[in-house]
Amino acid sequence: MWDVFKDWIFNVIQFFYGLCGDWGLAIIIITIIFRIIVAPLMHKQAKSNYQMQKIQPQLQKIQEKYAGDQVRLGQETQKLYAEAKFNPLAGCLPMLLQMPIFIALFQVLREMGDRSEVQNYSFYQLVPNLVQTPSGALSEGIGTFVPYLILMLVFAGATFFPMIQQQLKNKDNKMRNQTLIMGIVMTLFMLWISWGSPAGVLLFWGVSSLIGIAQNQITLSRCRRADAEAEAAAELEVKPVEVDVVRKQKKQRPHKKR
């Protein structure tokens, strides 16, 4: 069943290759379609992360206040989640639902070189062979290796850039520094993974991550705008109505002559 699903995905990529005449562009088209399909899920995930960031200061206060009482800590945490209308599963569920599609695409792109019906996988001569790995490209010369190096940097950088960007605004220096260090370590780990991954996989993941960054920024912008509008509406309700009353000056009565 899984192999049938992977063959179907390859046939879809091959269909778009027949339309555009380039394997790299066909992979990009498939990536865009994939991101459009999971866009509603990613919107919910980004919105959940935004809500989590908003209640983070309150959550830290609760954790400090009830550090010795785990039962009360759980109760107060759930109460805070309910008041903020925050669902922790909303951030994890979208990722779990899209993982089977991503794994299938990943495996198809990784195994494309084993398909005998196709011999040449290129991307407009920018990347000579999408089946080739960066480590293999380096053995052919530095000129051949450069486009693979660019794909590696995009693959690693775009993966954790949103997390690092988000933590730069975090006022908690300890948590911010820990997250930044973890992001740097994971970026290096992704570079190590990309060293032995086919260029087609790097192209798919890099383009997908860049589209994801754009989608995330759009969601965050909409959330901030909604919060600003809600705050403005609340201020209008609370602010007392000011009435500008202009008092007429009393005319002086004429004094009677005696």
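Q: Any details on the overall build of the protein chain? Residues and values, ideally.
A: For the protein chain, the helix and strand inventory stands at 9 helices and 0 strands. Element order for the protein chain, N to C, with α for helix and β for strand: α-α-α-α-α-α-α-α-α. Sorting the 258 residues of the protein chain into buried and exposed places 34% on the buried side. The contacts of the protein chain with a sequence gap of at least 6 include a subset with a gap of at least 24, amounting to 70%. For the protein chain, the accessible surface area stands at approximately 17400 Å², while carbon and sulfur atoms represent 61% of it.

Q: Which residues make up the pattern of salt bridges, and what are the values?
A: Counted according to the given criterion, the structure contains 3 salt bridges. Of the charged contacts, one joins lysine 6 and aspartate 3 as a salt bridge, the two residues approaching to 3.8 Å between their closest N and O atoms. Here lysine 6 and its partner aspartate 3 are both found in helix 1 (residues 2-20), 3 residues apart, which amounts to about one turn of the helix. A relative accessible area of 52% places aspartate 3 in the exposed class. Look at the salt bridges and you will find they share partners, linking Asp3, Lys6 and Glu111 into a network.

Q: Can you explain the side chain of serine 208? Please cite residues and give values.
A: When you line up the elements, serine 208 lands in helix 9 (residues 199-238). On the accessibility criterion, serine 208 (6% relative accessible area) is buried. If sequence neighbours within four positions are ignored, serine 208 has contacts with Thr31, Phe34 and Arg35.

Q: Go over the packing of helix 2 (residues 23-37) against helix 3 (residues 39-65), please, and point to the residues and values.
A: Geometry of a packed helix pair, given as the angle between the helix axes and the separation of the axes. It is at 4 Å that the axes of helix 2 and helix 3 come closest, and there the two elements cross at 60°. Viewed along their axes, helix 2 and helix 3 adopt a mutual orientation that is oblique. Mapping the contact onto sequence places Arg35, Ile36 and Ile37 in helix 2 and Ala39, Pro40 and Met42 in helix 3. Looking at side-chain class alone, the contact of helix 2 with helix 3 contains 5 nonpolar, no polar and 1 charged residues.

Q: An account of the nonpolar core is needed here, citing residue identities and associated values.
A: Ile13, Leu130 and Leu203 are the most contacted members of the largest nonpolar core, which totals 37 residues. Of the residues forming this core, the biggest block, 7 residues, is contributed by helix 7 (residues 142-167). Aside from chain neighbours lying at most four places away, what touches leucine 203 is Gly24, Ile27, Ile28, Phe123, Leu130 and Leu151. One finds Leu59, Tyr66, Leu73 and Phe86 within the second-largest nonpolar core, a separate group that totals 8 residues.

Q: Explain the packing of aromatic side chains to me, and be specific about the residues and the numbers.
A: Across all of its chains, the model carries 10 aromatic pairs by this definition. Between the aromatic rings of phenylalanine 34 and phenylalanine 204, the centroid separation amounts to 6.0 Å while the plane-to-plane angle is 55°, which identifies the pairing as tilted. Placement of the pair is phenylalanine 34 in helix 2 and phenylalanine 204 in helix 9, with a sequence separation of 170 residues. Take phenylalanine 34 and phenylalanine 204: they sit in the same class, and that class is buried. Members of the aromatic cluster, each reached through a chain of ring pairs, are Trp2, Phe5 and Trp8.

Q: Account for helix 2, with residues named and values stated.
A: Counted at 1.5 Å a residue, the expected span for helix 2 with its 15 residues is 21 Å, and the 21 Å between its end C-alpha atoms agrees. Trp23, Gly24, Ala26, Ile27, Ile28, Ile30, Thr31, Phe34 and Arg35 are the residues of helix 2 that are buried. Structurally, the start of helix 2 carries an N-cap: the backbone nitrogen of glycine 24 is 2.9 Å from a side-chain oxygen of aspartate 22.

Parameters and conventions
- Residues numbered from 1 in each chain as written.
- Predicted model: local features only at pLDDT ≥ 70, side-chain atom pairs only at ≥ 80, totals over all residues.
- Heavy atoms only, no water.
- Helix = DSSP H or I, 4+ residues; strand = E, 2+ residues; numbered from the N terminus.
- Buried < 20%, exposed > 50% of the residue type's maximum accessible area, 1.4 Å probe, protein only.
- Contact = heavy atoms within 4.5 Å.
- Areas by Shrake-Rupley, 256 points an atom, 1.4 Å probe, with all protein chains shown as cover.
- Salt bridge = Lys/Arg side-chain N within 4 Å of Asp/Glu carboxyl O.
- Axes fitted to C-alpha atoms, helices over the stretch in contact; angles between N-to-C directions.
- Parallel < 35°, antiparallel > 145°, perpendicular 65-115°, else oblique.
- Nonpolar A, V, L, I, M, F, W, Y, C, P; charged D, E, K, R; others polar.
- Core = buried A, V, L, I, M, F, W, Y, C linked by side-chain atoms within 4.5 Å.
- Phe/Tyr/Trp six-rings, centres within 6.5 Å; stacked < 30°, edge-to-face > 60°.
- Expected span 1.5 Å × (residues − 1).
- Polar contact = N/O pair within 3.5 Å; in protein donor to acceptor, adjacent residues only side chain to side chain.

Remember, this is a structural readout, not a statement about activity or role.
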